[in-house]
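# Report on the structure
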Amino acid sequence: MRRSVILAAVAALALSSAACMGGAGAPSALLPADYAEALATPSRPADDRARDAARHTAETLAFARVRPGQKIADMIIGGGYFTRVFSAAVGPEGRVTAWQPAEFIAFQASYGESLTAVDALPNVDGVRSPIAAPVFPAGLDLVFTAQNYHDLHLNVMPDDTAARVNAAVFQALKPGGLYVVIDHHAAAGAPLTAADTVHRIDIETVKREVLAAGFVLDGESDVLASPADPLTASVFDASIRGRTSQFMLRFRKPG
């Protein structure tokens, strides 16, 4: 019942915004405050909710233009933090595809356990496949990945992994659909080997690769940026872990 109320309220807000625009084009973006009730939903563990402030989760949802009823793919879910957020935010009329690469599951059992856990949510479908062959449904509104794009360039992955993943994302999105990439800043001009050595990637590399797949750059945010991060330490280094500088990029499929 509570989710239905949230869904109705947010949908009304979206329709009202569209009306103010004369009904032309896409409805205006929601604000971080519009996600407060979704973030507070009891289906999210207390540990997740405790991390929302540091991860700027509400701002991230607003940047990604997440709305009730959407079809979203969470690409490389890790522990499932954002999968659970999306499940709450899209509501019972929406659908979330949670993709965990088979290589991750083979490397660490907890990745498989996380996939099983989110698959139990009523509006989530957990899927696994080789990292260079992601499985996404068609007609998605959003494909989202946080802190994992650099993994497409790990030296154990096929050289064309990023190109194949970006092409799969492009194919799965509906025209006008969004592709949001969040990752740890590497120093400007850092080589792709930074993915292995410090688990970071240069923002310009990401832009270049995603644009080559046919996307257009639709927005950037520095809400996760941190001037205190030297950009050269491993993201797992105790001196910086959990406090890295990160970029947010929003790409759009033309149409």
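Residues numbered from 1 in each chain as written. Predicted model: local features only at pLDDT ≥ 70, side-chain atom pairs only at ≥ 80, totals over all residues. Heavy atoms only, no water.

## Quick notes on the overall build of the protein
- Within the protein one finds 10 helices and 7 strands.
- Within the protein, buried positions represent 50% of all 255 residues. (Helix = DSSP H or I, 4+ residues; strand = E, 2+ residues; numbered from the N terminus. Buried < 20%, exposed > 50% of the residue type's maximum accessible area, 1.4 Å probe, protein only.)

## Digging into the sheet that holds strand β5 (residues 173-184)
- The 7 strands are arranged β3-β2-β1-β4-β5-β7-β6 in an open sheet whose pairing can be described as mixed. Among the strands making up the open sheet, the edge pair consists of β3 (124-129) and β6 (216-221). For this sheet, the mean inter-axis angle between neighbouring strands, taken without regard to orientation, is 20°.
- By the bridge criterion, 6 bridges tie strand β2 (residues 95-101) to β3 in an arrangement that is parallel. From the neighbouring strand, Q100 faces β3, where its bridge partner is R128.
- The strands that helix α10 (residues 203-212) touches are β5, β6 and β7 (246-252); relative to β7, the one it contacts most, it runs at about 15°. (Pairing = 2+ DSSP bridges. Axes fitted to C-alpha atoms, helices over the stretch in contact; angles between N-to-C directions. Contact = heavy atoms within 4.5 Å.)

## Re helix α5 (residues 81-90)
- Within α5, 10 of the 10 residues are buried, which leaves the element mostly enclosed by the surrounding structure.
- Taken together, the buried positions of α5 are occupied by Y81, F82, T83, R84, V85, F86, S87, A88, A89 and V90.
- Looking one or two residues beyond α5, the residue adopting positive phi is G91, at roughly 75°.

## Considerations on the pattern of salt bridges
- Scanning all chains against the criterion turns up 10 salt bridges.
- Residues D125 and R95 are paired through a salt bridge, measuring 3.0 Å at the closest nitrogen-oxygen approach. Placement of the pair is D125 in strand β3 and R95 in strand β2, with a sequence separation of 30 residues.
- Judged by its relative accessible area of 31%, D125 falls in the partly exposed class.
- Overall, R95 belongs to the partly exposed group, its relative accessible area being 33%. (Salt bridge = Lys/Arg side-chain N within 4 Å of Asp/Glu carboxyl O.)

## Structural notes on the packing of helix α3 (residues 46-55) against α5
- One can describe the packing of α3 onto α5 by two numbers: an axis separation of 11 Å at closest approach and a directional angle of 95°. Between α3 and α5, the crossing angle belongs to the class labelled roughly perpendicular. Here D48, R51, D52 and R55 of α3 lie close against α5, whose contacting residues are Y81, F82 and R84.
- Tallied by class, residues from the contact of α3 with α5 come to 2 nonpolar, no polar and 5 charged. (Parallel < 35°, antiparallel > 145°, perpendicular 65-115°, else oblique. Nonpolar A, V, L, I, M, F, W, Y, C, P; charged D, E, K, R; others polar.)

## Some points on the packing of aromatic side chains
- Going through the model one piece at a time under the given rule, you end up with 9 aromatic pairs.
- Ring plane angle 90° and centroid distance 5.0 Å describe the contact between Y81 and F82, whose orientation is recorded as edge-to-face.
- Taking the relative accessible area as the measure of exposure, F82 reaches 6% and is therefore buried.
- By way of ring pairs, the aromatic residues Y81, F82, F86 and F144 are connected into one cluster.
- Of note, R51 hangs over the ring of Y81, and the distance from its end group to the ring centre comes to 4.7 Å.
- Sitting over the ring of Y81, R55 keeps its end group 4.5 Å from the ring centre. (Phe/Tyr/Trp six-rings, centres within 6.5 Å; stacked < 30°, edge-to-face > 60°. Lys NZ or Arg CZ within 6 Å of the ring centre and 35° of its normal.)

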